[in-house]
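Residue-level listing of the chains:
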Amino acid sequence: MIMIELKNVEKQFTVSRNEKVHILHEISLGIKKNQCICIEGPSGSGKTTLLSILGGLYGPTSGSASVDGVKISRLPELFLTRYRREKVGFIYQHYNLLENLTVLQNICLPLVPLGIHPNEQKRRAKRLLDRFQLSHRQEYQVSSISGGEQQRTAIARALINDPPIVIGDEPTAHLDAELSHDLFFHLSTLKAEGKTIILASHDPFVLNHPLVDVRYRMEGGRLSQDS
Amino acid sequence: MKNAISRHLNLLDFSLLSLLRNRLKNFGMFVVFTLVVFFLGSFQLFTSSLQFMSDQLLENVPDITIQQMSAGRQINMNGDLADRLSHIYGIKSVTRRIWGYYFDESNGANYTVVGVESPASSFSHLLPEGTDLSASRVIMGEGVERVRGLTGRKAFTLFRPDLSQQGFEKAAVFDPNTRSLTSDMLLMHMDTARSLFGMQADEITDLLVESGNPAEIDTIAKKIRAALPGTRVITKEQIAKTYHGVFGWRSGVGSIALAGGILAFMILAWERASGFSREEKRETAILRGIGFQAADILSIKIYETFCLSLTAFLAGLVLSWMHIAFFDGILFKPLLLGWSVLKPGFSIIPHVTGNDLLLLFCLSVVPYWCAALIPAWRSTLVRADSVV
Amino acid sequence: MLVNIYSITLSLLSIVAGFFFLRSLIVAFRIVRYFNIDEDSRLQIRLEDEGLLSSALIQFCCFIQLGGTLLFVLAADDFSTVLAGAMCGTGSLLANAYGFPALIVKLVGIFCYGFWIVLHRIDISSPAFPLMKLKHGLLFVIFPLFLLDTSLQILYLANLTPDIVTSCCGTLFTEKGPDGFGPNLAFSATNQFLLLFGGGSLLAITSLFLYKMLSTGSANAWLLRINGTGWALYCVFGLMAIILTISSYVYAMPYHNCPFDMLKPEYYFFGYPLYFTFFGAVFCGVSSALLTWIRANEVQSMVFNYQRNSMKIAFLLSLCFMILAAAPVFFYRLGGTDIF
Ligand SMILES: Nc1ncnc2c1ncn2[C@@H]1O[C@H](COP(=O)(O)OP(=O)(O)OP(=O)(O)O)[C@@H](O)[C@H]1O
Ligand SMILES: [Mg+2]
């Protein structure tokens, strides 16, 4: 059963008044529930742009994107936000953590607008902190921990509201081999829990991992399926 | 509903956290805001307390006061003059009184000496039941008691004009709640007062007239002027006008209050100009990406504004209360030069009403909120994708 | 012109509210002209965001006007110490021709803002924003009301001079006025009790009935509209009954009929819950009737929910209101005296 479906998605960015860049060309893609897909491709080819559309950060310029039958491609911001906070856990390429908050506070952030009690927030965060070996850093400011620790914080934050869709933009970029193994161990439990996982990466370790069901290749804004 | 409440509690938590995170900037804002409230509040409290005190004073002013004039100055008068008023219709009562000031050289204090025929007259409501004023007994204000060191003793002496001594006995002390009126007062029998001031047997300083009907006071005053030429006839309303003349600058409240309001706006303009750095923009975008609604961000900003302005408001209020209560409003004293003529050496008793608080709130906090709203909204417009 | 801190504050609040209103009118104009949910332009995305701004501003305006109205009443009470003949807020409001109209326009204004917020809440429940143009068009209708409110308030304050001799609530409400306003025969206290409690119970019961109907799924728009009309009438007559009859029981003084004194601490702020339950019930009743004209499919279920909940709330509030209104009468009667 197709959960996420893109049809002829195009994306243009307006750089200046009369200059537009065309990033995505006619992308059509269907992702089944509980599938794990991975998108590879050279830098600047549009992977992050595609993931952003899937994650509801913005809509495509034309074409349609729907998730669970809801068209997210033309949803007002008010409803797009709702989609983001209920359906998606997004691991950003640049983490996007709040530098002057602690690790624990960062991880709990997505639960704030959901109205979850602080004690419950802590309880859930503790589990993730243990899972990603961050417990000893929980009271540290994000600005004072290492790149790998920041990445794991970002991953924990994406998972805390238990989203059905997990999107990872280069999630292993700053992890060593052992931590990458750990990450995939966690991803496989998530998959076992029934989540849909969408990754973008250059990392051969990710691309060749048995967890990945389908591989796509992005080049110059066009998507093709790898064999 | 329950979820909405817990969501807003969380947002409130978050905004407190972010207030603490930007401690430096917020503290500056807090100080300026507190100062604004302090000035507005002191002013409002000051005028309101004075108004209250003058109302209290006026309550004890008789409807009509008659004084004998000679060469444009007040002189003593003969008590028999009271009989010449008996035929005027509408007069309820005429009372004789001696009112003067005694300068106590030993400590440089000025006492107000009041001599009455019986304590039941115009001061009855200030006195304990059944106070006896015969012989040399006096009732004194707590200020006099303190200055003369009479807390443990009863007897004391004052000098007559011819430097002979007159002995007195403290009969009672006025209720401290009437301090603005009675603090420097010595209330005694008329004969005792005459003896102290060395006055003739029949002499008094003024006559007090009460009328049966407040609407008739002016007519009665006119008749008294005709019956007693050469006297000065002062109605209660004229005295009230004198007091309110002192408050004349009270209409200046308008300009000062407006200035305060404008100042509050200016603070905001400052905050707005300095606000919204790149850092803040990035933070907002991240929060939006995580799933904070624009309305959530707006709530956070509004809660920040609320917490800051309300604490600053309270701080300013407490400071202004202390300014009035413990420092007698020294910053505004120069405005009050006229007052000393009416009542030398007074101290202000702070008097706050709910309406004062409401007004202060509307003049300081509400404009601040209003001015904060649009910039706060603008910051929520940052889109989630601006940090991808 | 009576220059004091109240009049300055009131004017300040009006200026602030006016500023916000104008700002949201700019948004409203652009939305009415350019909003098109099917389009995907920058302007459209911006308008969707700005639509939220105007709602935030109007909500804030509503808040300010609410505070402003309260302050207006308190100010009137304060003015009564300066104005000859005025013993309570009523007297001050009667000091010139603009006082009471200003108050009434203010109350109507609050109702309109409240209804606007309801519309907005319903609108944003659907991604199609079907009421976007309607609600922003409505702002152009509400704005003249706001202007009227502000001008009446300015006129009232400007024409207030301390030497005006005014009358007081006792003379206003107990002597028979030229327009028959006052307790003449048709308006005896008994009739008023009948109107207040009879009419109130009737409306409470119909509301409860409508709530049951809406809960089981079927609702007749006309029934809701009739019910709403009933509530609107009840607003006028109920208010009269409160002022003419209930108030004198509250004060335990037959000729004291001030609608405002009961807001004061001397009467334990009795007026606040009384007016709150009264106006709250009226608002629920009238607004859910007005919503029957909303036909957009996308938000029908939301409209339906609102109507159902507000019928329930109207029922509960009117119950509380009648208990509150009956309490002073009851206690006064128990005290042994009778003013009839
Ligand atoms: N908001 C934007 N405005 C203009 N151009 C943009 C914007 N976002 C992305 N681009 C451009 O789109 C292209 C694709 O960007 P994208 O981030 O999707 O690449 P990527 O495949 O994720 O690359 P990398 O592997 O380096 O992360 C880039 O050339 C980038 O400059
Ligand atoms: Mg990228």
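Please read these numbers as outputs of a predicted model, since none were measured by experiment.

About the criteria used
- Residues numbered from 1 in each chain as written.
- Chains lettered and ligands numbered in written order.
- Predicted model: local features only at pLDDT ≥ 70, side-chain atom pairs only at ≥ 80, totals over all residues.
- Heavy atoms only, no water.
- Helix = DSSP H or I, 4+ residues; strand = E, 2+ residues; numbered from the N terminus.
- Rg over C-alpha atoms; globule rule 2.2 N^0.38 Å.
- Buried < 20%, exposed > 50% of the residue type's maximum accessible area, 1.4 Å probe, protein only.
- Contact = heavy atoms within 4.5 Å.
- Lys, Arg positive; Asp, Glu negative; His and termini not counted.
- Charge placed at Lys NZ, Arg CZ, Asp CG, Glu CD.
- Areas by Shrake-Rupley, 256 points an atom, 1.4 Å probe, with all protein chains shown as cover.
- Near = heavy atom within 4 Å.
- Polar contact = N/O pair within 3.5 Å; in protein donor to acceptor, adjacent residues only side chain to side chain.
- Nonpolar A, V, L, I, M, F, W, Y, C, P; charged D, E, K, R; others polar.
- Buried area = accessible area lost by both parts, 1.4 Å probe.
- Salt bridge = Lys/Arg side-chain N within 4 Å of Asp/Glu carboxyl O.
- Domains from an automatic or database assignment.
- Donors = N, O, S within 2.8 Å, 3.2 Å for Na, K, Ca; no water.
- Pairing = 2+ DSSP bridges.
- Axes fitted to C-alpha atoms, helices over the stretch in contact; angles between N-to-C directions.
- Phe/Tyr/Trp six-rings, centres within 6.5 Å; stacked < 30°, edge-to-face > 60°.
- Core = buried A, V, L, I, M, F, W, Y, C linked by side-chain atoms within 4.5 Å.
- Parallel < 35°, antiparallel > 145°, perpendicular 65-115°, else oblique.
- Left-handed = near helix turned anticlockwise from the far one by under 90°.

A.B. asks: Can you lay out the overall build of chain A for me, pointing to particular residues and giving the numbers?
C.D. replies: From N to C terminus, chain A includes 7 helices and 10 strands. The C-alpha atoms of chain A give 17 Å as radius of gyration, which agrees with the globular expectation for 227 residues (17 Å, within 12%). Taking the principal axes of the C-alpha coordinates as reference, chain A spans close to 45 × 40 × 40 Å. Residues classed as buried in chain A amount to 57% of the 227 residues present. Intrachain contacts of chain A at a sequence separation of at least 6 include 70% that bridge at least 24 residues. For chain A, the separation between the mean place of its 27 positive charges and that of its 24 negative charges on side chains is 7 Å.

A.B. asks: With reference to specific residues and values, describe the overall build of chain C.
C.D. replies: In terms of helices and strands, chain C carries 10 helices and 0 strands. Looking at chain C residue by residue over its 340 residues, the buried ones come to 53%. Long-range pairs, those at least 24 residues apart, make up 76% of the contacts in chain C between residues at least 6 apart in sequence. Working note: accessible area of chain C is about 14,900 Å², and carbon and sulfur atoms make up 71% of it.

A.B. asks: Break down unusual backbone geometry for me, with residues and values.
C.D. replies: At L163 of chain B, a position not held by glycine, the phi torsion is positive, near 70°. Summarising the element assignment, L163 of chain B is placed in the loop between β7 (155-159) and β8 (165-173). The exposed category is assigned to L163 of chain B, whose relative accessible area is 63%. Phi is positive for F129 of chain C, which is not a glycine, with a value near 45°.

A.B. asks: Provide a residue-level description of the site of ligand 1, including the pertinent values.
C.D. replies: Residue and element names in this part refer to chain A. Taken together, 13 residues lie around ligand 1, and S43, G44, K47, T48 and T49 are the ones closest in. One of the backbone N or O atoms of S45 is found 3.3 Å from an oxygen atom in ligand 1. Between ligand 1 and K47, the relevant distance is 2.8 Å, taken from an oxygen atom to a side-chain nitrogen or oxygen of the residue. Within the complex, the protein chains bury 63% of what would otherwise be the 630 Å² of accessible surface of ligand 1. For the shell around ligand 1, the element with the highest residue contribution is helix α1 (residues 47-54), accounting for 3 residues. Looking at the shell around ligand 1 residue by residue, the class counts come to 3 nonpolar, 8 polar and 2 charged.

A.B. asks: Provide a residue-level description of the interface of chain B and chain C, including the pertinent values.
C.D. replies: Tallying the contact residues gives 22 residues for chain B and 23 residues for chain C. Of the roughly 2,100 Å² buried where chain B meets chain C, counting both sides, 83% is carbon and sulfur surface. Counting across the interface, chain B meets chain C through 1 salt bridge. Residue D49 of chain C is joined to R383 of chain B by a salt bridge in which the shortest nitrogen-to-oxygen separation is 3.1 Å. There are 1 residue pair in polar contact (both at pLDDT 80 or more) connecting chain B and chain C. Elements that contribute at least two residues to the side of chain B that touches chain C include exactly α8 (253-274) and α12 (354-380) of chain B.

A.B. asks: Please give an account of the domain arrangement of chain C that cites residues and values.
C.D. replies: Residue and element names in this part refer to chain C. Taken domain by domain, chain C comprises domain 1 (1-167) and domain 2 (170-340). With both sides pooled, the region where domain 1 packs onto domain 2 buries about 1,900 Å², and carbon together with sulfur makes up 86% of that total. Among the residues domain 1 hides against domain 2, the three largest losses belong to F111, F115 and I122. Together they make up 27% of the total. The interface formed by domain 1 and domain 2 includes 1 salt bridge. Across the pair K264 and D77 runs a salt bridge whose closest N-O atoms are separated by 3.1 Å. Elements represented by at least two residues in the side of domain 1 that touches domain 2 include exactly α2 (42-79), α3 (89-93) and α4 (99-123). Counting residues per element, the side of domain 1 that touches domain 2 draws most heavily on α4, which supplies 11 residues. Across the side of domain 1 that touches domain 2, the residue classes tally to 17 nonpolar, 6 polar and 3 charged.

A.B. asks: Which residues make up the coordination of the magnesium ion (ligand 2), and what values do they have?
C.D. replies: By definition of the ideal shapes, four donors in a tetrahedron about a metal sit 109.5 degrees apart, and six donors in an octahedron sit 90 or 180 degrees apart. The coordination sphere of the magnesium ion (ligand 2), as far as protein atoms go, consists of T48 of chain A (OG1) and Q93 of chain A (OE1), spread over 1.9 to 2.3 Å. Of this pair, T48 of chain A sits in helix α1 while Q93 of chain A sits in the loop between β6 (88-91) and α3 (103-108); the two residues are 45 residues apart in sequence, bridging distant segments of the chain.

A.B. asks: Residues and numbers for the sheet that holds strand β8 (residues 196-200) of chain A, please.
C.D. replies: Residues and elements named next belong to chain A. Ordered in space as β6-β7-β8-β3-β9-β10, the 6 strands form an open sheet in which the pairing is mixed. Two strands lie at the open edges of the sheet, namely β6 and β10 (222-225), each paired on one side alone. Neighbour to neighbour, the strand axes of the sheet diverge by 20° on average, direction disregarded. Sheet analysis places β6 next to strand β7 (residues 165-169), joined by 4 bridges and oriented parallel. Across the sheet, F90 pairs through a bridge with I167, a residue of β7.

A.B. asks: Any chance you could break down the packing of aromatic side chains for me, citing the residues and the numbers?
C.D. replies: Given two aromatic rings, one states the distance between the centres and the angle between the planes to describe the pair. A full pass over the atoms with the stated rule returns 31 aromatic pairs over all chains. Ring centres of F13 of chain A and Y58 of chain A lie 5.8 Å apart, and the angle between their planes is 90°; on these two criteria the pair is classed as edge-to-face. Of this pair, F13 of chain A sits in strand β1 (residues 2-16) while Y58 of chain A is found in the loop between α1 and β4 (62-67), placing the two residues 45 residues apart along the sequence. The class for F13 of chain A is partly exposed, based on a relative accessible area of 27%. With centroids separated by 5.0 Å and ring planes inclined at 45°, the aromatic side chains of F278 of chain C and F321 of chain C adopt a geometry described as tilted. You can see F278 of chain C sitting in helix α9 (residues 271-290) and its partner F321 of chain C sitting in helix α10 (residues 300-334), a full 43 residues away along the chain.

A.B. asks: Break down the sheet that holds β1 of chain A for me, citing the residues and quoting the values.
C.D. replies: Residue and element names in this part refer to chain A. Taken in spatial order, the 4 strands make up an open sheet running β2-β1-β4-β5, and their pairing is antiparallel. The sheet terminates laterally at β2 (19-32) and β5 (70-71), the two strands that pair on one side only. Here β1 pairs with β2 via 10 bridges, running antiparallel. Within β2, the residue paired with K11 across the bridge is L24.

A.B. asks: Provide a residue-level description of the nonpolar core, including the pertinent values.
C.D. replies: The tendency in soluble globular proteins is for nonpolar side chains to be buried as a group. Judged by nonpolar contacts, the single largest core of 142 residues is most densely connected at I198 of chain A together with F20, F21 and F321 of chain C. For this core, the leading source of residues is α2 of chain C, giving 15 residues. With 37 residues, the next largest nonpolar core counts Y95, I145, L207 and L211 of chain A among its residues.

A.B. asks: Let's hear about the packing of α4 of chain C against α9 of chain C: which residues, and what values?
C.D. replies: All names here are of chain C. At a minimum axis distance of 11 Å, the contact between α4 and α9 shows a crossing angle of 55°. In terms of axis orientation, α4 runs oblique to α9. Here α4 and α9 pass one another in a crossing that is right-handed. Residues L107, F111, G114, F115 and V118 of α4 pack against F279, F283, V286, S287 and L290 of α9.

A.B. asks: Outline the interface of chain A and chain B, supporting the account with residue identities and numerical values.
C.D. replies: Each partner contributes to the interface: chain A provides 29 residues, whereas chain B provides 25 residues. Linking chain A with chain B are 3 salt bridges. When the shortest N-O distance is used, the salt bridge between R85 of chain A and D296 of chain B registers 3.4 Å. Applying the counting rule to chain A against chain B returns 14 residue pairs in polar contact (both at pLDDT 80 or more). Put simply, the parts of the chain that give the side of chain A that touches chain B at least two residues each are α1, α2 (77-87) and α4 (118-131) of chain A. With 6 residues, α2 of chain A is the largest single contributor of residues to the side of chain A that touches chain B. The residue inventory of the side of chain A that touches chain B, partitioned by class, reads 15 nonpolar, 8 polar and 6 charged.

A.B. asks: So what's going on with the pattern of salt bridges? Residues and values would help.
C.D. replies: As enumerated under the stated definition, the model contains 29 salt bridges over all chains in all. E77 of chain A is the partner of R383 of chain B in a salt bridge, and the nearest nitrogen-oxygen pair spans 3.0 Å. Within this pair, whereas R383 of chain B is found in the segment after α12, its partner E77 of chain A is found in helix α2, the two belonging to separate chains. Residue class for E77 of chain A comes out buried when judged on its relative accessible area of 7%.

A.B. asks: Tell me about the environment of N257 of chain C, and please be specific about residues and values.
C.D. replies: By the secondary structure assignment, N257 of chain C is in the loop between α8 (221-251) and α9. The exposure class assigned to N257 of chain C is buried, which follows from its relative accessible area of 2%.

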